[in-house]
Amino acid sequence: MLDRFRERRNRAAGRAPGRPPRDRVVFVVSGGGVLGAVQVGMLRELEAAGVRADAVIGCSVGSLNAAMYASGTDAACSIERLSALWVSLQGRDLFPSSSFSVVSKVLRGEQYLHSSLGLTRMIEGWLEPERFDQLRIPLRVVATDVDAGTEVVFAAGPLKPALLASCAIPGVYPIVEHGGLRLIDGGTVNTAPLSHADWPDTHAYLLHAGGRIGHKELRGQLDVLTRAFAIARSVRLDVDLERLGDRVTPISVTDIDVSPSDMSHTRTLIELGAAAARRVLDDRAPTPTEEPRRLA
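Predicted model, so just to flag it, every value in this text is computed and none were measured. (Residues numbered from 1 in each chain as written. Predicted model: local features only at pLDDT ≥ 70, side-chain atom pairs only at ≥ 80, totals over all residues. Heavy atoms only, no water.)

Enquirer: Mind showing me how you'd approach the pairing of strand β4 (residues 150-154) here?
Expert: Successive residues of a regular strand alternate their side chains across the two faces of the sheet. Where strand β3 (residues 139-145) meets β4, five bridges bridge the pair, whose relative direction is antiparallel. Each bridged residue has a counterpart across the sheet, and for Ala143 the counterpart in β4 is Val152. The turn joining β3 and β4, which pair antiparallel and follow one another in sequence, is formed by four residues; a positive phi near 70° is taken by Gly149. (Pairing = 2+ DSSP bridges. Helix = DSSP H or I, 4+ residues; strand = E, 2+ residues; numbered from the N terminus.)

The structure is reproduced here in structure tokens:
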């Protein structure tokens with residue numbers, strides 16, 4: 001569907017692909033777990049093409065990438081640092097619990113499998129600004145109110161709790177209590193928050209990372225649950241793309257199959273993201289992939 005919207009957008013606008021038709025540019029950076037590495041390559045190519053955001057909106061892992069992009073005094077330097085940080089990451093940095101500890105938590109019926117200590121250390125190590133108003137450009141971070149089942153958008157106050165909440169994968173990380181609310185991963189309700197970029201005289205670039213629907217064999221209850229959530233998120237994304245029409249430029253990498261804790265392919269993912277961005281900016285449609293590429 002992303003390719004269809006890209007073609008329609010360029011025909012309707014009658015302009016060079018990748019060139020925003022309005023003055024204000026917003027980057028919408030989606031969730032996607034370890035696939036968030038592709039967004040680093042996308043940001044790099046957008047910067048190289050002279051496309052810079054006036055504001056960024058992030059969800060889940062995309063909130064971390066968006067916050068890093070919005071920090072510092074220069075976009076190019078922030079992207080270079082973000083790339084180096086991604087390459088240095090290992091699975092145990094984000095998922096510190098041992099297999100024995102995970103099994104014990106399952107048997108005890110605990111609400112989460114991994115402590116958020118590793119994620120907290122990563123945020124503290126990556127970001128120098130501690131508050132939204134210290135960022136170079138405005139940032140919005142999307143989380144989910146686990147009690148009300150609604151989106152919560154943070155644009156002011158301390159950065160760390162907002163980012164922790166946006167990245168709190170249900171059942172994987174603990175619920176985050178912030179601002180009187182109990183919060184979990186924003187991707188639960190809006191993994192690609194284009195709805196928050198629907199402002200007058202604004203063009204959005206969607207930096208989308210996620211697995212394809214319908215290719216991976218379902219091998220258990222968790223796979224079925226994951227597929228169901230992926231379908232729900234995809235439906236919402238399609239609705240937002242339809243509504244925004246030529247006011248959004250989608251850049252996507254959705255044909256990769258990687259384990260959620262496998263950080264060994266980061267460099268490859270970054271380059272795949274860069275290639276996807278170049279195809280959009282050069283108006284070269286990506287070649288469809290019949291099966292998801294499994295990075296061995």
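Once the structure has been displayed, the description carries forward.
Enquirer: Help me understand the pattern of salt bridges, please; the structure alone is not making it clear to me.
Expert: Should their charged atoms come close, side chains of opposite charge can pair. Summed over the entire model, instances satisfying the criterion amount to eleven salt bridges. Of the charged contacts in the structure, one is a salt bridge between Arg247 and Asp198, with a shortest N-O distance of 2.5 Å. Here Arg247 is found in the loop between α10 (221-244) and β8 (248-253), whereas its partner Asp198 is found in the loop between α9 (187-190) and β7 (202-209), with 49 residues between them in sequence. Residue classification places Asp198 among the partly exposed positions, given a relative accessible area of 31%. (Salt bridge = Lys/Arg side-chain N within 4 Å of Asp/Glu carboxyl O. Buried < 20%, exposed > 50% of the residue type's maximum accessible area, 1.4 Å probe, protein only.)

Enquirer: Would you mind going over the nonpolar core with me for this structure?
Expert: In summary, soluble globular proteins display a tendency toward joint burial of nonpolar side chains. In terms of nonpolar packing, the biggest core is built from 68 residues, with Phe27, Val56, Tyr69, Trp86, Leu119 and Leu139 touching the most fellow members. Sequence-distant contacts of Val56, that is, excluding residues within four places in its chain, are made with Phe27, Ala66, Tyr69, Ala70, Ile137, Pro138, Leu139 and Arg140. With 16 residues, the next largest nonpolar core counts Ala55, Cys59, Trp199 and Leu206 among its residues. (Core = buried A, V, L, I, M, F, W, Y, C linked by side-chain atoms within 4.5 Å. Contact = heavy atoms within 4.5 Å.)

Enquirer: Even after reading the chapter, I still don't get the pairing of β8, so can you show me in this structure?
Expert: β8 sits mainly inside the fold: six of its six residues count as buried. In β8, alternate side chains face the same way, and those of Val248, Pro250 and Ser252 on one face and Thr249, Ile251 and Val253 on the other are all buried. As defined by bridge partners, β7 adjoins β8 across six bridges and the pair is classed as parallel. Looking at the pairing, Ala209 lines up with Val253 of β8.

Enquirer: What is the right way to read unusual backbone geometry from this model?
Expert: Only a minority of non-glycine residues have a phi that is not negative, and only a minority of peptide bonds are not trans. Residue Ser60 is not a glycine yet carries a positive backbone phi of 55°. Relative to the assigned elements, Ser60 resides in the loop between β2 (55-59) and α3 (61-70). Taking the relative accessible area as the measure of exposure, Ser60 reaches 8% and is therefore buried. Residue Asp201 is not a glycine yet carries a positive backbone phi of 55°. In this structure, Asp201 sits in the loop between α9 and β7. Residue classification places Asp201 among the exposed positions, given a relative accessible area of 58%.

Enquirer: Can you help me understand the packing of aromatic side chains in this one?
Expert: For any pair of aromatic rings, the description consists of the separation of the ring centres together with the inter-plane angle of the planes. By the definition in use, this model includes three aromatic pairs. Taking 5.4 Å as the distance between ring centres and 45° as the angle between the ring planes, the aromatic pair formed by Phe27 and Tyr69 counts as tilted. Note that Phe27 is positioned in strand β1 (residues 24-29) and Tyr69 in helix α3, a separation of 42 residues in sequence. With respect to class, Phe27 is no different from Tyr69; both count as buried. Clustering of aromatic rings is evident, with ring pairs tying together Phe27, Tyr69 and Tyr205. If you follow Arg136 out to its NZ or CZ, it ends over the ring of Tyr69, 5.2 Å from the centre. (Phe/Tyr/Trp six-rings, centres within 6.5 Å; stacked < 30°, edge-to-face > 60°. Lys NZ or Arg CZ within 6 Å of the ring centre and 35° of its normal.)

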